Amino acid sequence: MSAVDTRHISRDSLFLAADVRLDGIADGHRVKVRNLSPGGMMADGDAPVVRGSIITVDLRNIGRVEGSVAWVQGNRFGIAFNKEIDPKLARAPTSTAQDTAPRFTRSSVLDPNDPANAERLRKI
């Protein structure tokens, strides 16, 4: 932790959930991410943090990021990351194999023997 004031660095205000894990404690805690910058974040939650605690944050689309607690004020606390991240990645939509397929599909093959399809079939 440095004494350098970094409050002038631009931050992305957002509202997403993340999991934090304190060094030496097995249980993780779910927190709300209030803002995110390349060098740190502000979280809101009931994690038992104190200034200087070593912490790991699992951020959506970014993964695990290590850092330390820079400040604590009530249920809110700031985390200074050990390495810079790209905060825009946390805003990007998550994709899965399910997301790539259309939600509704219907067969393009009509049964020519079904009388209900007689008018829909093209005669060549």
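Residues numbered from 1 in each chain as written. Predicted model: local features only at pLDDT ≥ 70, side-chain atom pairs only at ≥ 80, totals over all residues. Heavy atoms only, no water.

Q: I'd like a rundown of the overall build of the chain, residues and numbers included.
A: Within the chain one finds two helices and six strands. Helices (α) and strands (β) of the chain occur, in sequence order from the N terminus, as β-β-β-β-β-β-α-α. Long-range pairs, those at least 24 residues apart, make up 46% of the contacts in the chain with a sequence separation of at least 6. In the structure as shown, the chain presents an accessible area of about 9,300 Å², 49% of it carried by carbon and sulfur atoms. (Helix = DSSP H or I, 4+ residues; strand = E, 2+ residues; numbered from the N terminus. Contact = heavy atoms within 4.5 Å. Areas by Shrake-Rupley, 256 points an atom, 1.4 Å probe, with all protein chains shown as cover.)

Q: Could you give an account of the environment of Arg30, naming the residues involved and the relevant values?
A: One can find Arg30 in strand E2 (residues 28-37). By relative accessible area, Arg30 is classed as exposed at 53%. Once the C-alpha coordinates of Arg30 and Val20 are considered, the two residues, ten residues apart in sequence, prove to be 6.4 Å apart. When near neighbours in sequence (up to four residues on either side) are disregarded, Arg30 contacts Ala17, Ala18 and Asp19. (Buried < 20%, exposed > 50% of the residue type's maximum accessible area, 1.4 Å probe, protein only.)

Q: Requested: an account of the pairing of strand E5 (residues 63-73), with residues and values cited.
A: In the sheet, strand E4 (residues 54-59) pairs with E5 via six bridges, with the strands oriented antiparallel. The residue of E5 that forms the bridge with Ile54 is Ser68. Linking E4 to E5, which pair antiparallel, is a turn of three residues; within it Asn61 sits at a positive phi near 65 degrees. One ladder, built from six bridges, connects E5 with strand E6 (residues 76-81); its direction is antiparallel. When the sheet's bridge partners are listed, Val69 is paired in E6 with Ile79. Between E5 and the antiparallel strand that follows it, E6, lie two residues; Gly74 among them carries a positive phi value of about 65 degrees. (Pairing = 2+ DSSP bridges.)

Q: Can you tell me about the nonpolar core, naming the residues and giving the values?
A: The biggest cluster of nonpolar side chains holds 21 residues, and the ones touching the most others in it are Leu36, Met41, Leu59, Phe77, Ile79 and Phe81. No other element matches strand E1 (residues 12-22), which puts four residues into this core. Aside from chain neighbours lying at most four places away, what touches Leu59 is Ala18, Val33, Leu36, Met41, Val65, Phe81 and Ile85. (Core = buried A, V, L, I, M, F, W, Y, C linked by side-chain atoms within 4.5 Å.)

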